[in-house]
Structures are given as structure tokens and as C-alpha cells.
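Breakdown of the fold
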Amino acid sequence: MNCADAEIMLHALIDGELDAGHARDVEAHVATCPACAEELKTFRAMRATMAEANLKEAAPVQLRSRIEAALAVPVARVAAPRQSLLAPWRASWRTFFGGFTIGTALSAAVAASLVIAVVRNDQNQQIASDVVSAHLRSLQAGHLTDVETSDQHTVKPWFNGKLDVAPPVIDLTAQGFTLIGGRLDYINGQPVASIVYRRRKHVINLFVGEPLGAAVRGVKDESVQGFNIRHWREAGLDLWAVSDIDAGELDEFGQKFTAALHAPGPS
Amino acid sequence: MLAPLQQPMSAASWMAGRDTMAGEANDEHDKARRFRDAALPHLDDVFTLARYLMRNPTDAEDAVQECYLRALRHFDSYRGPAMKPWLLAILRNVCNAEFARRGRQETPAGLADDEQAEATPPIWQEPQASPETALLRQQDGDTIRRLVAALPQPFREAIVMREINDLSYHEIAEVAGVPVGTVMSRLARARAMLRSAWTVAEGATP
């Protein structure tokens, strides 16, 4: 390899983009060529300095909120069109809701009911999405439990004073779901208890909190981003079980939890 | 005569229409939510590249907003692999379209810069007292930003995408629509130009 090749390729070497063979070639050349060795050192130092300078710029807050507002979609658009949005963007939504621009009482009524439907759905979706986000966060190293124990009598008192409710903590080890601990988390901005179970190698987060969002009747199963959510209301509490185990197993978990909750005698 | 008959029919079709539209609205809503979760984490990266492409904070903000709106419109056809380069490619198109609209063609201007850069003798042939001691004296972030911003276009975006956006050569090649080899040589040139500007800036500092 000559200097002309090396002067280009050493950048790829610095950037870690060379395969082993080429990297060896460049290194061999640099070892015998003081000029190129100097180059390599200089550019490495330059790269390190740039990395340290932390050149990435934070987007201005008002830009972020402008974009968030623009992406916060049709609901807001129907209820109150925003002036600040770019014209083509507005136009596409106007086409989408074209039916509602017809000025009849009937279409207005339909539009109103649609807004309600979308808003309500939005809140439930928000909660489902929060549940999955909290679950994902919990799976990161060191985030799963604040109190780590399989003893339900340790987990339950741990929540005292941290929440306005006393979440039921039930050991389901005998039923195939091992209690591994508890954690304080937030869903939709509200503090909730997370009771953590393990099924084989899968983690189940059971979020328990004061009722949130629209009332649920019976059990509501959902799948968000590949995670299954089982949502139900019991004893004046909202419960969401979320896991990557399949919906059938999650349902089994919920049923066993409910059964244990209502089981007579000391649990 | 027909009116009483039509009335219930149209009501029924309105109801049917409402269900369909509510369904569509939910789909759209879900799409927007998925897009937000995937794309918003890259806002700082997109904004940073926009700053260097547009060279003006207001224009940069407009370009970023347009980029996100366009990206959402095309989100259905997004198949990966990575969200960041995809957004940056859209941003780059937005910026190019803006320059084309203004008739102030940044890319040809870049070519002129290119020739100029060509005329400059490669820095590594110049006698250098001790380049690495010069670099050991850390330039502050603002100076580095100014030096990067002063680079001619194809080199500027290459170095920003590499050093700030942390894209791989392959990703930069995709965004800029050039072969990987071109990315490699542009980066080599960008760094050589940056170093010579850096040395000058160093000399200017007491």
C-alpha cells in the first residue's frame, strides 16, 4: 500500500469501517511510514476532540412542541384547526375529514361522535402504550424491581406510603408464576404498583392502580408492539398484566390471580 | 314521494360511514403514534444536520418540521432498516428542494467550493511543525461548529453525519445517494480541510 491509498483508507480505519484484511494493510503501511503514522495520530486526536465537544444540538423546545402538536393528529384537527401547521399537512387532513365539512346538522353530529370515539380511544391507547413503555423500561438492567423478594409479605408493605391504594400482592409460584418483587411505576402520569412475576424466562409486570381512563367491563385483551396486555378492574382497582408470553398464558395468569385474590383464608 | 324513503337510507349510510371513518381515524391515529415513538427520539439529530445544511436556525426549524410531516406521510412505506438515516435522507431532500425553490442552488455552489478545495494543495504535503500538539489544544465547541459549518457542502454533510449523527459509511452513502467509496474519500477530504482550518484557527488564538 502506498501513501495515496493510505491517506484515504486511514479514515476508514479510524472509523472502524475496514474489514480485517484492509485494516491490516493500512496498519502495516502506517508502521513503516512516519508521515502516515502522524496523520493517523492527528486525525484520531481530532475525532476524539470532536466527540468530546458534544456537537449535537438540542432541538429548540418550541420546535419540538410544534412537531408534537402537528403529529398529535386528527382529533385536535377536527376539534380546533391549528393555524401554525404547514399547508400541505392541513390539506391532507382536510381531505381525510372531507365528509365533515358538509354543513349539515347530521354531519356535525357524526363528527362530534367521531371526536368522542377517537378521544376515548386515544386515552385507552395512551394507557396501553404507557403500560408497554413501562414494561420495556422495567426490562432494562437494574430497573425491574425496587424490592426484590419472592415473599409477598415483604412486597406488600413496601408499597405502604408510596401509593394511595394497597395493591394485592399474591404469590402465584405454586400456579407457575413466580413472584420476584415489586416496583413503583407511572402509567398516564399516575403512580401505580408494579408487581413483577416470572413465567419461565418471561417477565410479567402486573400494574395496579386507581382506576384510569374509561371503565372496562370484564377483561380487555390487547396487543401493542408485540406485547400482550390483559386489562381488568377488580376490587376498585385497575389492573394491567403485560408480558411477551402469549395471550392464552397471560389470561391464565389473570384468572389465577383473580382466583387467589378471592380465595378464602390466609393467602 | 322519494324523500321519506331516502331519509332512513341516508341515515343508515351515514352510520355505516361513521364506523368506517372512525376505524380509519383510529388507524391513522395509531400510525401517528407509532411514528412519533419511532421518529421523535431522533429530533436532535435531524435538527443538527438541518442546522448545518440550512446554515440558519429558522430555516433549519422549518426544514425539520417539514421533514417530520413528510416522513409521517411516507411512514406506511417505511420498511427500515434504520429510522435515523431514513429521516436524515428525507431532511436532505427537503433542504435540497428548498434550495431549488429559492433558485440558489446549494449543490452547484458546493461544486464551486469543491474546485476551490481541489486547488488547495493537500494539507499533508505542507510542512507542519507539530499538528498533533495543535490539536491537543482543545478547540471549544463553538469554534469547531464554525469550522465544520464553513466546509463546502458535500464534505460538510459527510462529516456531520459521521461525527455528529454517528452514521456508518453505508448509511451516509444511502442518505447522500453516493457509493460508499465516495463517502470514504469525502470524509478524508473533509477531515483534511477541517484540520487546515483548525490549525489556522489555532494560530489566531493567542
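Just above sits the structure.
I will try to describe carefully the structure that is included in this document.

What counts, and at which threshold
Residues numbered from 1 in each chain as written. Chains lettered and ligands numbered in written order. Predicted model: local features only at pLDDT ≥ 70, side-chain atom pairs only at ≥ 80, totals over all residues. Helix = DSSP H or I, 4+ residues; strand = E, 2+ residues; numbered from the N terminus. Buried ≥ 20, exposed ≤ 12 C-beta atoms within 10 Å, placed from the backbone. Contact = placed C-beta atoms within 7 Å. Axes fitted to C-alpha atoms, helices over the stretch in contact; angles between N-to-C directions. Parallel < 35°, antiparallel > 145°, perpendicular 65-115°, else oblique. Left-handed = near helix turned anticlockwise from the far one by under 90°. Nonpolar A, V, L, I, M, F, W, Y, C, P; charged D, E, K, R; others polar. Pairing = 2+ DSSP bridges. Expected span 1.5 Å × (residues − 1). Arc of directions from axis to C-beta. Core = buried A, V, L, I, M, F, W, Y, C linked by C-beta atoms within 7 Å.

Points about the overall build of chain A
Across its full length, chain A carries nine helices and six strands. Counting across all 267 residues of chain A, residues that qualify as buried make up 30%. Sequence separation of 24 or more characterises 53% of the internal contacts of chain A that already satisfy a separation of 6 or more.

Points about the packing of helix 2 (residues 43-54) of chain B against helix 4 (residues 83-102) of chain B
All names here are of chain B. The geometry of helix 2 relative to helix 4 is characterised by a closest axis approach of 10 Å and an angle of 30° between their N-to-C directions. Here helix 4 runs roughly parallel to helix 2, going by the angle between their axes. Helix-helix and strand crossings are classified by hand; for helix 2 and helix 4 the assignment is right-handed. Listed contacts from helix 4 to Asp-45, Val-46, Leu-49, Ala-50, Leu-53 and Met-54 of helix 2 are Lys-84, Leu-87, Leu-88, Leu-91, Arg-92 and Cys-95. Tallied by class, the residues present in the contact of helix 2 with helix 4 amount to nine nonpolar, no polar and three charged.

Remarks on the pairing of strand 5 (residues 227-234) of chain A
Residue and element names in this part refer to chain A. Judged from the six bridges that link them, strand 4 (residues 219-224) and strand 5 form a sheet pairing that is antiparallel. Pairing of Glu-222 across the sheet is with Ile-229, part of strand 5. In textbook terms, the turn of a hairpin is the stretch between consecutive antiparallel strands, and for strand 4 and strand 5 this stretch comprises two residues, one of which, Gln-225, has a positive phi near 50°. Summarising the sheet, strand 5 and strand 6 (residues 237-243) pair through seven bridges and their orientation is antiparallel. Its bridge partner being in strand 6, Arg-233 is matched across the sheet by Asp-238. Between the end of strand 5 and the start of strand 6, which pair antiparallel, lie two residues, with Ala-235 showing a positive phi angle near 50°.

What to know about helix 3 (residues 57-73) of chain B
Helix length check: helix 3 of chain B, at 17 residues, gives a terminal C-alpha distance of 24 Å against a target of 24 Å (1.5 Å per residue), a fit within 8%. For helix 3 of chain B, the set of buried residues is B:Ala60, B:Glu61, B:Ala63, B:Val64, B:Gln65, B:Glu66, B:Cys67, B:Tyr68, B:Leu69, B:Ala71 and B:Leu72.

So, the sheet that holds strand 6 of chain A
Residue and element names in this part refer to chain A. Strand order in the open sheet formed by six strands is 1-2-3-6-5-4, with antiparallel pairing between adjacent strands. What marks the edges here is a single partner per strand, and that holds for strand 1 (178-187) and strand 4. Strand-to-strand, the axes of this sheet are offset by a mean angle of 20°, without reference to chain direction. Sheet analysis places strand 3 (residues 202-209) next to strand 6, joined by six bridges and oriented antiparallel. Pairing of Leu-206 across the sheet is with Ala-241, part of strand 6. Docked against the sheet, helix 9 (residues 247-262) engages strand 2 (190-199), strand 3, strand 4, strand 5 and strand 6, running at close to 25° with respect to strand 5.

Topic: the packing of helix 8 (residues 153-164) of chain B against helix 9 (residues 169-176) of chain B
Residue and element names in this part refer to chain B. One way to put it is that helix 8 packs onto helix 9 with a least axis distance of 10 Å and a crossing angle of 140°. With respect to each other, helix 8 and helix 9 are oriented oblique. Classified by chirality, the crossing of helix 9 by helix 8 is right-handed. Here Glu-157, Ala-158, Met-161 and Arg-162 of helix 8 lie close against helix 9, whose contacting residues are Ile-172, Val-175 and Ala-176.

A short note on helix 2 (residues 20-32) of chain A
Since the α-helix turns once every 3.6 residues, residues separated by three or four places project in the same direction. Residues and elements named next belong to chain A. Look at helix 2: 19 Å from first C-alpha to last across 13 residues, which is about the 18 Å you get at 1.5 Å a residue. The set of residues buried in helix 2 consists of Val-26, His-29 and Val-30. All buried residues of helix 2 lie within an arc of 100° about the axis, which places them on one face of the element. Along helix 2, exposed side chains directed more than 90 degrees from the buried face belong to Ala-20, Gly-21, Arg-24, Ala-28, Ala-31 and Thr-32. Where helix 2 is buried, its residues touch helix 1 (3-14) and helix 3 (34-53).

Considering the nonpolar core
Counting residues in hydrophobic clusters, the biggest one holds 65 residues, and the most contacted among them are B:Ala50, B:Val64, B:Cys67 and B:Leu91. Looking at this core, the element that brings in the most residues is helix 10 (residues 180-204) of chain B, giving nine residues. Not counting residues up to four positions away in its chain, the partners in contact with B:Cys67 are B:Val46, B:Leu87, B:Ile90, B:Leu91 and B:Val94. Grouped together as the second largest cluster of nonpolar side chains are 32 residues, A:Leu172, A:Phe177, A:Leu179 and A:Ala241 included.

So, the environment of A:Val208
Residues and elements named next belong to chain A. Inspection of the secondary structure assignment puts Val-208 in strand 3. Residue classification places Val-208 among the buried residues on the basis of 24 C-beta atoms within 10 Å. Distance from Val-208 to Ile-187, taken between C-alpha atoms, is 9.6 Å for residues 21 residues apart in sequence. Among all residues touching Val-208, those that are not within four sequence positions of it are Pro-167, Val-192, Ala-193, Ile-195, Leu-237 and Leu-239.

Some words on unusual backbone geometry
Residue and element names in this part refer to chain A. Non-glycine residue Asn-54 carries a positive phi angle of around 50°. Mapped onto the fold, Asn-54 is located in the loop between helix 3 and helix 4 (61-71). Phi at Arg-200 takes a positive value of approximately 50°, unusual for a residue other than glycine. Mapped onto the elements, Arg-200 comes out in the loop between strand 2 and strand 3.

Describing the environment of A:Arg137
Residues and elements named next belong to chain A. Along the chain, the position of Arg-137 falls in helix 7 (residues 105-138). With 14 C-beta atoms counted inside 10 Å, the residue Arg-137 sits in the partly exposed group. With 48 residues separating them in the primary sequence, Arg-137 and Asp-185 have C-alpha atoms 9.9 Å apart.

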